[in-house]
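What follows is the residue order along each chain.
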Amino acid sequence: MALLFSYAGADPEVWRQEFTKHLPETEFRVYPEVGDPAEIEYAAIWMHPVGDLCRYPNLKAILSFGAGVEHILRDSDLPQGVPIVRLVDDLVVRDMAMHAVHWVIHFHRQYHRYQQDQARALWQRHPHRDPAQRRVGFLGMGAMGAVAAGFVRELGFCVAGWGRDVVDIEGVEFYKGDARLDEFLQRTDILINVLPLTPATQGLLNAERFAQLPQGACVINISRGPILVEDDLVAALDIGHLEAAALDVFCSEPLVAESPLWRHPKVHVTPHIAGINYTHSAARLMADNIKRIQQGEPPFPIYDPVRGY
């Protein structure tokens, strides 16, 4: 039995050491040195070359190095019947929640304005609000959204969440379904997008949705770039309807040097670092799923094509 490792930009030897701790009997092969394709039973991948996975006749699972699997689904020739296993790591969820909390505090305390004032050597204080008067909204209430919403609520903010399935978190108001999306947006001063990328969510945050947010609202995107229409965001910032935006994900990555987002005075750019895999934790979780399959149990969580994530 062999595990195929394909993770662009990662050090395969570090991952080899971690996987070997948990799967000592499994041969670790680094793409493109795959050896006999028939011996490959598991593929742990990120941005793997399109069209390659159909070469492995005994593939039992495709393991994603991320909660999102669009990097796998871009391959139209995937082997049929092979489960795609998402990586949902509590450590990454925690880090993404901390990233969201950082920007909520940043915008709430108006540090973005003080940063601009510093560049002009301008000493002035901006109005300050009680966190209970600042309405924070999480678009998407899966594992990440639920944890982050709880963190922000503990800081005293007025927190709400929107999603398709009801999530019960003490002190967090929930808005369910498309019928209540506009209502959710209209009550949200700081919007954090943590939705998965699906056909239904692609382009969801567009000019129409930005217009539903209150005057002076801020937007934080830490899930997937294509959910947000970047030109519409810039337009909403330019006319002053939106106050600021913190973007960690983009329609095209790496973000090209020519993108106006780099230089926009109201946009804060980070290079997709809200949540980054910890080798020791991710390898253990993926190895646990391989062991489940070997024992005849289903891995978790499996990508559901009906739900789109």
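Just so it is clear, the model here is predicted, and its values are computed rather than measured.

K.L.:
Can you help me understand the environment of L233 in this one?
P.N.:
Counting through the fold element by element, L233 comes out in helix α8 (residues 230–238). Accessibility expressed as a relative area gives 0% for L233, which makes it buried. For the pair L233 and R209, spaced 24 residues apart in the sequence, the C-alpha separation amounts to 9.9 Å. Every residue in contact with L233, bar those within four places of it in the chain, is listed here: F210, V219, L228, L242, A245 and L247.

K.L.:
In this structure, what is going on with the packing of helix α1 (residues 12–22) against helix α9 (residues 279–294)? I would like to understand it.
P.N.:
Describing two packed helices takes the angle between their axes plus the distance from one axis to the other. At a minimum axis separation of 9 Å, α1 and α9 run at an interaxial angle of 45 degrees. It follows that α1 is oblique to α9 by the angle criterion. For the element pair α1 and α9, the recorded crossing hand is right-handed. On the side of α1, the interface is formed by V14, W15, E18, F19 and H22, while α9 contributes T279, H280, A282, A283, R284, M286, A287 and K291. A per-class count over the contact of α1 with α9 returns 7 nonpolar, 3 polar and 3 charged.

K.L.:
Looking at this structure, how should I read helix α3 (residues 90–108)?
P.N.:
In an α-helix, one turn spans 3.6 residues, which is why side chains three or four residues apart end up on the same side. Its 19 residues give α3 an end-to-end C-alpha distance of 26 Å, which sits within 8% of 27 Å, the value for a rise of 1.5 Å per residue. Between the side-chain oxygen of the N-cap and the backbone nitrogen of L91 there are 2.9 Å, and the N-cap of α3 in question is D89. Of the residues one or two after α3, Q110 is the one with positive phi, at around 60 degrees.

K.L.:
Whenever I open this one, the pattern of salt bridges confuses me. Can you help?
P.N.:
Pairing is possible between side chains of opposite charge, provided their charged atoms come close. For the structure shown, the criterion picks out 16 salt bridges. Between E13 and R16 there is a salt bridge, and its shortest N-O distance comes to 3.0 Å. With a gap of 3 residues between them, E13 and R16 both fall in helix α1, about one helical turn apart. Residues D288 and R284 are paired through a salt bridge, measuring 3.8 Å at the closest nitrogen-oxygen approach. Taken together, the residues D288 and R284, both in helix α9 and 4 residues apart, mark about one turn of the helix. Through salt bridges with shared partners, one network takes in E27, R29 and E39.

K.L.:
Quick question: what am I supposed to make of the nonpolar core here?
P.N.:
Among soluble globular proteins, nonpolar side chains are generally buried collectively. Membership of the largest hydrophobic core comes to 30 residues, with the highest contact counts inside it found for F138, I192, I220 and I222. Top contributing element to this core by residue count: α3, with 9 residues. Excluding residues that lie within four positions of it along the chain, F138 makes contacts with A100, G145, A148, A149, V152, V159, A160, G161, W162, F184 and I192. In terms of nonpolar packing, the next biggest core, distinct from the first, is built from 29 residues, L181, L197, L242 and V267 among them.

K.L.:
What am I meant to see in the packing of α3 against helix α5 (residues 143–154) here?
P.N.:
At their nearest, the axes of α3 and α5 sit 9 Å apart, and the two run at 45 degrees to each other. Here α3 lies oblique to α5, going by the angle between them. For the crossing formed where α3 meets α5, the hand is right-handed. Every residue of α5 that contacts α3 at V93, R94, M96, A97, A100, V101 and V104 is listed here: A143, M144, V147, A148, F151 and V152.

What counts as what
- Residues numbered from 1 in each chain as written.
- Predicted model: local features only at pLDDT ≥ 70, side-chain atom pairs only at ≥ 80, totals over all residues.
- Heavy atoms only, no water.
- Helix = DSSP H or I, 4+ residues; strand = E, 2+ residues; numbered from the N terminus.
- Buried < 20%, exposed > 50% of the residue type's maximum accessible area, 1.4 Å probe, protein only.
- Contact = heavy atoms within 4.5 Å.
- Axes fitted to C-alpha atoms, helices over the stretch in contact; angles between N-to-C directions.
- Parallel < 35°, antiparallel > 145°, perpendicular 65-115°, else oblique.
- Left-handed = near helix turned anticlockwise from the far one by under 90°.
- Nonpolar A, V, L, I, M, F, W, Y, C, P; charged D, E, K, R; others polar.
- Expected span 1.5 Å × (residues − 1).
- Polar contact = N/O pair within 3.5 Å; in protein donor to acceptor, adjacent residues only side chain to side chain.
- Salt bridge = Lys/Arg side-chain N within 4 Å of Asp/Glu carboxyl O.
- Core = buried A, V, L, I, M, F, W, Y, C linked by side-chain atoms within 4.5 Å.

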